[in-house]
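Residues per chain are reported as follows:
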Amino acid sequence: MNPKQPLLPSTVPSYNVPIEDKHVDSVVHPKEVLRQMSWGIFQVAYSEPVHQLSLGGFRQRIRDLSYSAPSAGRLLLEIFRTARTPVAVHLLAAVLLIIAPAFSLYLSATILGIVEESVMTRRITEVHVNLLQVLVFMWLFVAITSTLSTRIMADTRLALSGHLRAHFLPQLVDGRSSLPEEYTFDTEVPGSKFFHEIVTRLLRFLTVVAEVGVLVMIISRREFHETRLLAFFAVMLPAVMLFKPQSGFGGAGFVFWTANPDYYYLAALYKLAFSQKYRPTLARDGMCAFIAQEYERVSRGLECLNVETLTIQCGVKVQWYWDLTHNLILDYPLVVCALLIPWSDPLSSLVTMVLVQHAVMTLRQSVELLRADRSSDTFVEVVGQAERLYEAIALDTEVHHGTDRYPDPTLSREEGMKISFRNVSFRYGEDGPGAVDSVSCDIQAGSLALVVGVNGSGKSSLLSLIPGIRQPSKGQVLIDDRPLADYDVASLRAAMACVSQDEDMYPLSLRANMLMGAEHNAAEVLERAAQMGCATRLIERFPSQWDTVLDPTPVSSQCIHNFGYGRISDLAWAELDAHGPKVGQTAVSGGEKQRLAATRMFARLLHLKERVRLIVCDEATGALDSRAERDILKQVKAMRVGRTVIVVTHRFRELVGEADVILVMKEGRLVQQGTHAELMLDERGEYAEMYNAQADSGL
Ligand SMILES: Nc1ncnc2c1ncn2[C@@H]1O[C@H](COP(=O)(O)OP(=O)(O)OP(=O)(O)O)[C@@H](O)[C@H]1O
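Residues numbered from 1 in each chain as written. Predicted model: local features only at pLDDT ≥ 70, side-chain atom pairs only at ≥ 80, totals over all residues. Heavy atoms only, no water.

Description of the overall build of the protein chain
Link 1 in the chain: Of regular secondary structure, the protein chain possesses 23 helices and 13 strands.
Link 2 in the chain: Across the 699 residues that make up the protein chain, the buried fraction comes to 42%. (Helix = DSSP H or I, 4+ residues; strand = E, 2+ residues; numbered from the N terminus. Buried < 20%, exposed > 50% of the residue type's maximum accessible area, 1.4 Å probe, protein only.)

Encoded structure:
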C-alpha cells in the first residue's frame, strides 16, 4: 500500500466523494505487492504483504534483530527489576497458556485412544474407567487454568503498566520544552507495549509450535492412511491460514478512482443540492428541479449508485482456489476425512475424524492470533522499540547549561536581571523560518522594557531565548553579563516569572496550578494573586472554586470493557457516575483564561518573592477588556522593585511614558530602540507609524 494514497472513509457513499483520478505509485513498500481490480466503474488498488522467504530478507532481519538485541535485553532486564512479582506472575501465566491447548489436544487423543481400544476389543476394564475419569478431570483443570491465566495476564499487565510509568517518568521528564513526536509517551506506557508484544508474540508462536508438536506425536501413533491425513492437516492448516490473501474486514486497505465523467458530474450535483453555500442561489434561480432531474438521469446510467466504499473493500477478491482450500481445510475437515473411510477401518476413521476436528479448531484459533500479529508491527520493529525508549531517555535538552547557580553574587544586581542579546539569530528547526535576525541590545537591570512590532515580527521568539527554552542559532544571550549557557537552568528559571498570550491551565486543580507544590501561606497567596490577576469573581463562580480542574484528563481505566471481564452492569455504571471522578470540562473565554494565567504568574511572584528578578508578560493581556488589562499591568508595575520587567503588547500607548527602553521588532530584526521620546523623533520610523496608528484608532 502506498502510504501517500488516502484511504477514503468507508462509510461515505462513493457518489458523495469526488476524488481525483489518482495513479497508484509504482514505488510500493518492499514488503507489499500491489493488486488492482475493477469494481463497477471504479478501479481499485490495494496492497498485500508479501511473505518474504528470500535469504537476503532473512539475513537483513537477523541483522536488524542483532542490532536491537542489546537494548531489548537491557529493557527486558530493567522491566523485570522494576516489577519482579508482576513480571514473574505474568510469565508463569503465559507459560501455562502455551501448554494448555497442546495438553488439551493430547488429552483428547488419549481419551479417544482408550475409547477406540475399548470398542475394538469390546471390553472396558476398571482401569480404563478410572483412567478416563482422571483424564476428564485433567481436562477440566486445563480449562480452569487457561481462564485464570488469561485473567492473571490482564491484571498483571495493568499492574506492570503502573510500575513502568512510575519508573520511566522521572527519566523522561527533563527541562525540554517538548519531546520530538516519535518519543512522546502521553498515550503509551514506556516499555509496556514492548514487553506485552514480545510476550504475546512468543506465547502465540510457541502455542502453535506446541500444538503442532502434539499433533505430530499423535499422528505418528495412528494408522498409515490416517497418519498421512493428519500430517496433511498439520501442514496445510497453518499454511492456508497464514498465506491465504485476506479480503473484507481486516483485509487490505485500498484506493479507488474512476475515469468516468458522469461520476464526477453526479458528485457535483449532489454537492450543489445539499451545500448551504449554493442552495439559496439555486432556489433563487429556480434551478432545484433541474438539479433533481439531472441527478436522476445520470444516476440511472451509473451502477456506482449503490456501491459504497465498504462494499468495494469486501469485494477485494481472493482467487477461487484459495477460498476452496480454506473451506475444505478449515470449515469442512470432516469431508476430507470421510474420503478416507473406504481405505481404513470405519471406527478408526471415526476417531481420526474427531481428532482432526478438535485439532483444526485448536490450531485455527492459535494461528488466527499469530496472523493478527503479522498485520501489525513486525517482530523486528517491536524489538526496536527498546532502542526508541532509550534514545528518548538519553535525549539531551535543546539548550546546554552550566552548573553555576543564579544569581551570581559577584555580577548580579539588586535592581533586577540584566539581559543582553549579542548578535542573536534564531530559526525554528534547521530548515525552518528565521524568526530572529542578528538582534543586539541590552535590557538593563531594573528597567521596564517594552517590545513592540507587528504580528510575526519575532517578539515571542526573541523572548523565548531568555529562559533557555530555545537555543539561538547564532550569537549569544547574556544574563547579568555572563553567558546564559554558564548557568544552572533550574536556578535561572526560578528567578523568572513569565506569562504568555495563550497559556493553558495544567490539567490540575486551579489551586495546584497556582501553587505548584508551594504550601507556604497558600490561602493568602491564592487570595492575593487572584485579586492581582482580576480573577477573584471568576474563581468564585466555579462550583468547586479553587478545586476546579478546567480540563481534566480523562481517566480511561475507570472501567475495563470487553477485556476478559464481560459486560458492565447498569448498576455498576450508576455507582461510577455517583462516586467516580468527574471529568467534565469547564469552559472559559480567552480573556478569562488570561486572567487565570496572570493569577498564576502573580502567585509565583508572591511565593518566590525576591528570588524573582525578571517578569516577562508576552501579550498576556491581549484578550482582556481594557479595564482588566490596565489593572493587571498596574499590578505588574507595582511588582517592579528589584525586578526587570519586559512587556510585549500591541496596545502599548499607556505604557510608553514609563518604559525605560522600547524595542521595535520588524521581520525578526530589531529596527529601533530607545525611549518613546527618542523614537518619536523619527516620524517615518516603524515605531512612530505604529504609535500614530494606535492614536488614530483610539486604542
Ligand atoms: N513554533 C514555531 N514553529 C515555526 N515557526 C514559528 C513558530 N513560532 C513562530 N514561528 C514563526 O516565527 C516568526 C516569528 O513569530 P513570533 O511568534 O516570534 O512573532 P510575534 O512577533 O511574537 O508575533 P505575534 O505578535 O503574532 O505574537 C513568524 O514568522 C512565525 O510564523
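Overview of the UniProt feature "transmembrane region" (unreviewed entry) in the protein chain
Link 1 in the chain: Under the UniProt annotation, the feature "transmembrane region" (unreviewed entry) is placed at residues 87-115 and 127-148.
Link 2 in the chain: Secondary structure content for residues 87-115 is 100% helix and 0% strand, and the end C-alpha separation is 42 Å.
Link 3 in the chain: Here residues 127-148 runs as 100% helix and 0% strand, with 31 Å between its end C-alpha atoms. (UniProt positions renumbered as here; feature names shortened; annotations may be inferred.)

Overview of the site of the ligand
Link 1 in the chain: Neighbouring the ligand are 14 residues, the closest being N455, G456, K459, S460 and S461.
Link 2 in the chain: In isolation the ligand offers 630 Å² of accessible surface; the protein chains occlude 64% of this area.
Link 3 in the chain: Element by element, the count of residues in the shell around the ligand is highest for helix α14 (residues 459-463), at 3 residues. (Near = heavy atom within 4 Å. Areas by Shrake-Rupley, 256 points an atom, 1.4 Å probe, with all protein chains shown as cover.)

Details of the sheet that holds strand β4 (residues 419-427)
Link 1 in the chain: Across the sheet, 4 strands lie side by side as β5-β4-β7-β8; this open sheet has antiparallel pairing. In this open sheet, the two strands that pair with only one neighbour each are β5 (434-443) and β8 (482-483).
Link 2 in the chain: Relative to strand β7 (residues 474-479), β4 runs antiparallel, the two sharing 5 bridges. Following the sheet pairing, S420 is matched in β7 by L478. (Pairing = 2+ DSSP bridges.)

A word on the pattern of salt bridges
A pair can form between side chains of opposite charge whenever their charged atoms are brought close.
Link 1 in the chain: Tallying each qualifying case throughout the model produces 17 salt bridges.
Link 2 in the chain: Here D486 and R482 are joined by a salt bridge, their closest N and O atoms 3.5 Å apart.
Link 3 in the chain: When the shortest N-O distance is used, the salt bridge between E503 and R600 registers 3.3 Å. On the criterion of sequence distance, the pair formed by E503 in the loop between β9 (496-499) and α16 (510-515) and R600 in helix α20 (residues 590-608) is long-range, its members being 97 residues apart. The exposure classification of E503 matches that of R600, with both residues buried.
Link 4 in the chain: The network of salt bridges with shared partners includes D404, R482 and D486. (Salt bridge = Lys/Arg side-chain N within 4 Å of Asp/Glu carboxyl O.)

Topic: α20
An α-helical turn contains 3.6 residues, so any two residues separated by three or four positions project in the same direction.
Link 1 in the chain: The terminal C-alpha atoms of α20 lie 27 Å apart, and with 19 residues this matches the ideal 27 Å at 1.5 Å per residue to within 8%.
Link 2 in the chain: Burial analysis of α20 places 14 of its 19 residues in the buried class, which makes it a mostly covered element.
Link 3 in the chain: K609 occupies a position one or two residues after α20 and carries a positive phi of about 50°. (Expected span 1.5 Å × (residues − 1).)

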